[in-house]
Amino acid sequence: MADPIMYSSEDYYVLLEPNQPEQILTAAELFDRLKAVLNDRQDNLPRDVQQFTDLDEQTKYLMETACTLDMNPGEYLQWYAVRLEK
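Conventions we followed
- Residues numbered from 1 in each chain as written.
- Predicted model: local features only at pLDDT ≥ 70, side-chain atom pairs only at ≥ 80, totals over all residues.
- Heavy atoms only, no water.
- Helix = DSSP H or I, 4+ residues; strand = E, 2+ residues; numbered from the N terminus.
- Buried < 20%, exposed > 50% of the residue type's maximum accessible area, 1.4 Å probe, protein only.
- Contact = heavy atoms within 4.5 Å.
- Areas by Shrake-Rupley, 256 points an atom, 1.4 Å probe, with all protein chains shown as cover.
- Salt bridge = Lys/Arg side-chain N within 4 Å of Asp/Glu carboxyl O.
- Axes fitted to C-alpha atoms, helices over the stretch in contact; angles between N-to-C directions.
- Parallel < 35°, antiparallel > 145°, perpendicular 65-115°, else oblique.
- Left-handed = near helix turned anticlockwise from the far one by under 90°.
- Nonpolar A, V, L, I, M, F, W, Y, C, P; charged D, E, K, R; others polar.

**Focus on the overall build of the protein chain**
Phase 1: Scanning the protein chain from N- to C-terminus turns up 2 helices and 4 strands.
Phase 2: When the helices and strands of the protein chain are placed in sequence order, the string is β-β-α-α-β-β.
Phase 3: Classification of the 86 residues of the protein chain by burial places 30% in the buried group.
Phase 4: Put simply, 50% of the contacts in the protein chain that link residues at least 6 apart link residues at least 24 apart.
Phase 5: Summed over all atoms, the accessible surface of the protein chain reaches about 5900 Å², with 48% contributed by carbon and sulfur.

**Some thoughts on unusual backbone geometry**
Phase 1: Phi is positive for Asn-19, which is not a glycine, with a value near 60 degrees.
Phase 2: Tracing the backbone shows Asn-19 in the loop between strand E1 (12–16) and strand E2 (23–26).

**Here we look at the pattern of salt bridges**
Phase 1: A full pass over the atoms with the stated rule returns 3 salt bridges.
Phase 2: A salt bridge links Arg-33 to Glu-17; the nearest nitrogen and oxygen atoms lie 2.8 Å apart. Separated by 16 residues along the polypeptide, Arg-33 in helix H1 (residues 27–40) and Glu-17 in the loop between E1 and E2 bring together distant segments of the chain.
Phase 3: On the basis of relative accessible area, Arg-33 is assigned to the partly exposed category, the value being 29%.
Phase 4: Residue classification places Glu-17 among the buried residues on the basis of a relative accessible area of 19%.
Phase 5: Lys-60 is the salt-bridge partner of Glu-64, the closest N and O atoms lying 3.5 Å from each other. Of this pair, Glu-64 and Lys-60 both sit in helix H2 (residues 55–65), 4 residues apart, roughly one helical turn.

**Quick notes on the packing of H1 against H2**
Phase 1: At a minimum axis separation of 9 Å, H1 and H2 run at an interaxial angle of 120 degrees. It follows from the interaxial angle that H1 and H2 lie oblique. Judged by the twist between their axes, the crossing of H1 over H2 is right-handed. Contact residues: Ala-27, Leu-30, Phe-31, Leu-34, Lys-35, Leu-38 and Asn-39 in H1; Leu-55, Asp-56, Gln-58, Thr-59, Lys-60, Leu-62 and Met-63 in H2.
Phase 2: Split into classes, the residues belonging to the contact of H1 with H2 amount to 8 nonpolar, 3 polar and 3 charged.

Structural data, given as structure tokens:
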């Protein structure tokens, strides 16, 4: 499990999906993306995310404690905090 402190100061994430180019997202954009995914699969949440009933809490927990979400066989979302240099 990822340490939440690793992500607390990061503003950008790389999002990886099968058959898609990598995307650079802000923390807010990633939050919105994960929230939409979780909203669509409330009946099929990861076990540790099920402890939260609020969608925002589920999303925040997932962002801070994981870097992969299995969608379907062979489908997944992966995200990693990155620092962009000027």
